[in-house]
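Commentary on secondary and tertiary structure
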Amino acid sequence: MAVHPVTIVGDPVLHRRAAEVETFDDELRALIADMFETMDKANGVGLAAPQIGVGLRIFVYGMANDDGVPPRGVLVNPTLVTSKISGAEPDPEEESEGCLSVPGEAYPLKRAEWVKVTGLDGDGKPVEFEATGWFARCMQHEYDHLDGKLYVDRLNARQGRKAKKAVKAQGWGVPGLTWLPGVDPDPFGH
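This text gives an overview of the structure that appears in the document. Because the structure is a prediction, the values reported are computed rather than measured.

1. A closer look at a positive patch on the surface
Taken together, the side chains of Arg-158, Arg-161, Lys-162 and Lys-165 define a basic patch exposed on the protein surface. Structurally, the position occupied by Arg-158 is in helix H3 (residues 157-170). Residue class for Arg-158 comes out partly exposed when judged on its relative accessible area of 48%.

This is how it looks when you write it as structure tokens:
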């Protein structure tokens, strides 16, 4: 297993749809193991393959939940069905998200409170479950990565302007920028 550098907003792999996984083999299982190790070293609750520069439809998660779903898992070629997203303004105290690919930043964002997830595990076996609350938020956040979207792309106009200013101030928004969990300082201060 190995920790991979985390790509930062602006790298093309983060901004395009990832490809379907077609082969379930030892190489895929090694990638998944590396993704778990990278997520853990970064103190994250989820990590999508594009975040380590791999344009495949895979994400891992590590998050306790109230939905009876194992707290650690992988989803390959997932699909998501969501409940309706409220049109209310997001609560900055209760609904702020962060992302390892926008290191150190957090912005409020409304998400669906319920999702149904279907996909495959690392061996190609079917996985299906429902998620609520913060676990549902995590599923939506990671799934977005597979479609080339970051949470900052979904922010309302006011928060979106703040995020764009932060990205510009940090010198991000260009290809090739990364940070290495366990070596570089933890951008979220864990």
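There's plenty left to go through after this.
2. Quick notes on the pairing of strand S5 (residues 96-99)
Here S5 shows one buried face, formed by Glu-97 and Cys-99, and one open face, formed by Ser-96 and Gly-98. Taken together, the four bridges between S5 and strand S6 (residues 102-108) define a ladder with antiparallel strand orientation. The residue bridging Cys-99 from the neighbouring strand is Val-102, located in S6. Between S5 and S6, which pair antiparallel one after the other, the connecting turn spans two residues.

3. Some thoughts on the sheet that holds strand S3 (residues 58-62)
Taken together, five strands build an open sheet; the order of strands is S2-S3-S4-S7-S8 and the sheet is antiparallel. The open sheet has two edge strands with one neighbour each: strand S2 (46-48) and strand S8 (126-132). Taking the axes of each pair of neighbouring strands and ignoring which way they run, one obtains an average angle of 40 degrees across the sheet. One ladder, built from seven bridges, connects strand S7 (residues 114-120) with S8; its direction is antiparallel. Bridging from a neighbouring strand, Lys-116 pairs with Glu-130 of S8. Docked against the sheet, helix H1 (residues 26-41) engages S2, S3 and strand S4 (72-82), running at close to 40 degrees with respect to S3. Helix H2 (residues 133-146) contacts S2, S3, S4, S7 and S8 of the sheet and is inclined by roughly 125 degrees relative to S8.

4. Quick look at the pattern of salt bridges
Evaluation of the coordinates by the stated rule reveals 13 salt bridges. Notably, a salt bridge pairs Arg-29 with Asp-123, separated by 3.2 Å at the nearest N-O pair. Of this pair, Arg-29 sits in helix H1 while Asp-123 sits in the loop between S7 and S8; the two residues are 94 residues apart in sequence, bridging distant segments of the chain. Judged by relative accessible area, which is 34%, Arg-29 ranks as partly exposed. The class of Asp-123 is partly exposed, set by a relative accessible area of 45%. A salt bridge links Lys-110 to Glu-95, with the nearest nitrogen and oxygen atoms 3.0 Å apart. In this pair, Lys-110 sits in the loop between S6 and S7 while Glu-95 sits in the loop between S4 and S5, placing the two residues 15 residues apart along the sequence. Its relative accessible area of 9% is what places Glu-95 among the buried residues.

What counts, and at which threshold
- Residues numbered from 1 in each chain as written.
- Predicted model: local features only at pLDDT ≥ 70, side-chain atom pairs only at ≥ 80, totals over all residues.
- Heavy atoms only, no water.
- Patch = residues over 30% accessible without salt bridge, like charges linked within 9 Å, V, L, I, M, F, W, Y side chains within 5 Å.
- Areas by Shrake-Rupley, 256 points an atom, 1.4 Å probe, with all protein chains shown as cover.
- Salt bridge = Lys/Arg side-chain N within 4 Å of Asp/Glu carboxyl O.
- Lys, Arg positive; Asp, Glu negative; His and termini not counted.
- Charge placed at Lys NZ, Arg CZ, Asp CG, Glu CD.
- Helix = DSSP H or I, 4+ residues; strand = E, 2+ residues; numbered from the N terminus.
- Buried < 20%, exposed > 50% of the residue type's maximum accessible area, 1.4 Å probe, protein only.
- Pairing = 2+ DSSP bridges.
- Axes fitted to C-alpha atoms, helices over the stretch in contact; angles between N-to-C directions.
- Contact = heavy atoms within 4.5 Å.

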